[in-house]
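The lines below spell out each chain.
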Amino acid sequence: MTAKVIDGKQFAAKVRAQVQVQVARLREENGIQPGLAVVLVGEDPASQVYVRNKHASTVEVGMASFEHRLPAETSEADLLALVKSLNTDPKVHGILVQLPLPAHLNSELIINTIDPAKDVDGFHISNVGLLGTGQKSMVPCTPLGCLMMLRDHHGKLAGMNAVVVGRSNIVGKPMAQLLLGDSCTVTIAHSRTKDLAAVCRGADILVAAVGRPEMITGDFVKPGATVIDVGINRIERDGKAKLVGDVHFESAAAVAGAITPVPGGVGPMTIACLLANTLTACCRANGLAEPEGLTA
């Protein structure tokens, strides 16, 4: 069996196009422009690339982009003051504080100071609790992107067995909650799960988010299963740097029914869902109907 490759780059472009149409409609019919504020503290090279890409994507879909680049030595008090000012700015509907923050800053305190309604990363403790209890929340972007791709591929997910390998607060736990919300039977597994391969082989949907390069091989995969690879790991192979996922693509693709590649799978969906979340936050703030197909 050769798996269908789920093209995240193509799907993300479709999501961005949907957002762009909805943003234009908001401006024409309601005179509202969704706005996203991104805060970057320090000069971490990877974070700078992420912020640059987020700015370009925000502008591309017609949203207002507000960038705040602060020096690495910024005090916690100054950062908190900025977040609080963004909370009260009516032009800003989404706030994202780029992680990781410099070591002297308390990330949890900063994130939990963001207005939960503007927390487009979905990391605020209130949003975590709302998602966990099945209530309306802002949903973390990467799990939301995975859910969108699964719904697009399968239609309804009800009754399917899903295994999420990884228990992080950013991906693993919210991914499990979203799958439960779509009536899957969900198992959260991790690197210390006994006979992990056997647990994974029971999955109709296998989501790998464990952070270990190519840990999930073909013998972990049930024939015909859908494999979503969230991992992004930089390794050296044959003297060259290479990006690989948490799944060994070739062996898994020989068994699976569908699979996301790395790169070009889940990754592009993260920024697309950030834009979708900003649009959703804007609609909620103004008492307007949420955009169809762009929320959990």
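Before any of the text, the structure's been laid out above.
Residues numbered from 1 in each chain as written. Predicted model: local features only at pLDDT ≥ 70, side-chain atom pairs only at ≥ 80, totals over all residues. Heavy atoms only, no water.

A.B. asks: Please set out the overall build of the protein chain residue by residue, giving values where relevant.
C.D. replies: Within the protein chain, the regular secondary structure consists of 10 helices and 11 strands. Its C-alpha atoms give the protein chain a radius of gyration of 19 Å, near enough to 19 Å, the size a compact globule of 296 residues would have. With respect to the principal axes defined by its C-alpha atoms, the protein chain has extents near 50 × 45 × 35 Å. Within the protein chain, the fraction of its 296 residues that count as buried is 48%. Considering only intrachain contacts with a sequence separation of at least 6, the fraction spanning at least 24 residues in the protein chain is 68%. Counting only carbon and sulfur atoms, one obtains 52% of the accessible surface of the protein chain, whose full area is about 13,500 Å². Between the mean site of the 27 positive side-chain charges and the mean site of the 28 negative ones, the protein chain shows a separation of 3 Å. (Helix = DSSP H or I, 4+ residues; strand = E, 2+ residues; numbered from the N terminus. Rg over C-alpha atoms; globule rule 2.2 N^0.38 Å. Buried < 20%, exposed > 50% of the residue type's maximum accessible area, 1.4 Å probe, protein only. Contact = heavy atoms within 4.5 Å. Areas by Shrake-Rupley, 256 points an atom, 1.4 Å probe, with all protein chains shown as cover. Lys, Arg positive; Asp, Glu negative; His and termini not counted. Charge placed at Lys NZ, Arg CZ, Asp CG, Glu CD.)

A.B. asks: Run through helix α2 (residues 45–60), naming residues and quoting values.
C.D. replies: The end-to-end C-alpha distance of α2, which contains 16 residues, comes to 23 Å, matching closely the 22 Å that a straight helix rising 1.5 Å per residue would cover. The complete set of buried residues in α2 reads Ser47, Val51, Lys54, Ser57 and Thr58. What you see down the axis of α2 is that its buried residues fit within an arc of 130°, all on one side. In the stretch just after α2, Gly62 is the one whose phi turns positive, near 90°. (Expected span 1.5 Å × (residues − 1). Arc of directions from axis to C-beta.)

A.B. asks: Explain the environment of Thr193 residue by residue, including any values.
C.D. replies: Relative to the helices and strands, Thr193 is located in the loop between β6 (185–189) and α8 (196–200). Reaching out from Thr193, the side chain makes a polar contact with the backbone nitrogen of His190 at a distance of 2.8 Å. (Polar contact = N/O pair within 3.5 Å; in protein donor to acceptor, adjacent residues only side chain to side chain.)

A.B. asks: Before we move on, can you summarise the environment of Ile114 with the specific residues and values?
C.D. replies: Along the chain, Ile114 falls in the loop between α4 (107–111) and α5 (125–132). We classify Ile114 as buried; its relative accessible area is 2%. The residues touching Ile114, leaving out its near neighbours within four places in the chain, are Val83, Asn87, Ile95, Val97, Asp119 and His124.

A.B. asks: Which residues make up the packing of α2 against helix α10 (residues 267–285), and what values go with them?
C.D. replies: The interhelical angle for the contact between α2 and α10, taken along N-to-C directions, is 50°, at an axis separation of 10 Å. By the angle class used here, α2 and α10 are oblique. Relative to α10, α2 is oriented so that their crossing is right-handed. Here α2 contributes Asn53, Lys54, Ser57 and Thr58 to the contact with α10, which in turn contributes Ile271, Leu274 and Leu275. (Axes fitted to C-alpha atoms, helices over the stretch in contact; angles between N-to-C directions. Parallel < 35°, antiparallel > 145°, perpendicular 65-115°, else oblique. Left-handed = near helix turned anticlockwise from the far one by under 90°.)

A.B. asks: Account for the side chain of Asp246, with residues named and values stated.
C.D. replies: Of note, Asp246 is situated in the loop between β10 (240–244) and α9 (249–253). A polar side-chain atom of Asp246 sits 2.8 Å from the main-chain amide nitrogen of Val210. Of the polar contacts made by the side chain of Asp246, one reaches the backbone nitrogen of Arg212; its length is 3.3 Å. Ignoring any residue separated from it by four or fewer positions in sequence, one finds Asp246 in contact with Ala208, Ala209, Val210, Gly211, Arg212, Pro213, Glu214, Met215, Ile216, Asp229, Gly231 and Asn233.

A.B. asks: Describe in detail unusual backbone geometry, supporting the description with residues and values.
C.D. replies: With omega at 5°, the peptide bond leading from Leu99 into Pro100 counts as cis. Between Val262 and Pro263 the backbone carries a cis peptide bond, its omega angle lying at 0°. Non-glycine residue Asp195 carries a positive phi angle of around 50°. Examined against the element boundaries, Asp195 turns out to sit in the loop between β6 and α8. For Asp195, a relative accessible area of 53% corresponds to the exposed category. Phi is positive for Asp238, which is not a glycine, with a value near 55°. Mapped onto the secondary structure, Asp238 falls in the loop between β9 (233–237) and β10.

A.B. asks: Could you give me a rundown of a positive patch on the surface, with the residues and numbers involved?
C.D. replies: A cluster of basic side chains, namely Arg167, Lys173, Arg192 and Arg212, defines a positive patch on the protein surface. By the element assignment, Lys173 lies in helix α7 (residues 172–181). (Patch = residues over 30% accessible without salt bridge, like charges linked within 9 Å, V, L, I, M, F, W, Y side chains within 5 Å. Salt bridge = Lys/Arg side-chain N within 4 Å of Asp/Glu carboxyl O.)

A.B. asks: Which residues make up the sheet that holds strand β5 (residues 161–165), and what are the values?
C.D. replies: Across the sheet, six strands lie side by side as β1-β11-β8-β7-β5-β6; this open sheet has parallel pairing. Among the strands making up the open sheet, the edge pair consists of β1 (4–5) and β6. Where strand β7 (residues 205–208) lies against strand β8 (residues 226–229), four bridges are found, and the strand directions are parallel. Bridge pairing in β8 links Ala208 to Asp229. Packing against the sheet, helix α6 (residues 141–154) makes contact with β1, β7, β8 and β11 (258–259), and its axis sits at approximately 160° to β8. Against the sheet, α7 contacts β5, β6 and β7, and its axis sits at roughly 170° relative to β5. (Pairing = 2+ DSSP bridges.)

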